[in-house]
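Each chain, letter by letter, is given below.
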Amino acid sequence: MPFAAVTQVPTGTLATYRRVLADAVGHDRPEGLIMHLAGESEDGLQIVSVWESGVHHDRFVAERLHPALRRVGVPADTGMRHVEFDADDLGTTSALAPSRP
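What you see is a predicted model; the values in this text were computed from it and never measured.

## Examining the pattern of salt bridges
Applying the stated criterion across every chain yields a total of 1 salt bridge. Arg-71 is paired through a salt bridge with Asp-23; the nearest N and O atoms lie 2.4 Å apart. Taken as a pair, Arg-71 in helix H2 (residues 54-72) and Asp-23 in helix H1 (residues 14-24) lie far apart in primary sequence, 48 residues in all.

This is how it looks when you write it as structure tokens:
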């Protein structure tokens, strides 16, 4: 079942995100990653990812993301919020649009 993670990092920036991502991922797409996006808002850095499963997500976080955060020197953000959930449907906007008569 698809698995989604949404993370808000109040002190995060796209510049730091890109440094961590380059270290954690490089040019290799993580196994099981379906979709990933990030951007800044008035509440800080927003990161959304969708994975083939929670196992794929957890493996990436443990084996690649956390070590990259340490190597880049990103301190823990105590205000960070993280939500994970099983994604029941991966519809597109066209699939969600009302039918035309």
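## With respect to the sheet that holds strand S3 (residues 44-51)
Taken in spatial order, the 4 strands of this open sheet run S2-S3-S1-S4, and their pairing is antiparallel. Of all the strands in the sheet, just strand S2 (33-41) and strand S4 (81-86) have a single pairing partner and so form its edges. Averaged over all pairs of adjacent strands, the angle between their axes in this sheet comes to 10°, without regard to strand direction. Across the face of the sheet, H1 comes into contact with S2 and S3 while running at roughly 155° to S2.

Conventions and cut-offs
Residues numbered from 1 in each chain as written. Predicted model: local features only at pLDDT ≥ 70, side-chain atom pairs only at ≥ 80, totals over all residues. Heavy atoms only, no water. Salt bridge = Lys/Arg side-chain N within 4 Å of Asp/Glu carboxyl O. Helix = DSSP H or I, 4+ residues; strand = E, 2+ residues; numbered from the N terminus. Pairing = 2+ DSSP bridges. Axes fitted to C-alpha atoms, helices over the stretch in contact; angles between N-to-C directions. Contact = heavy atoms within 4.5 Å.

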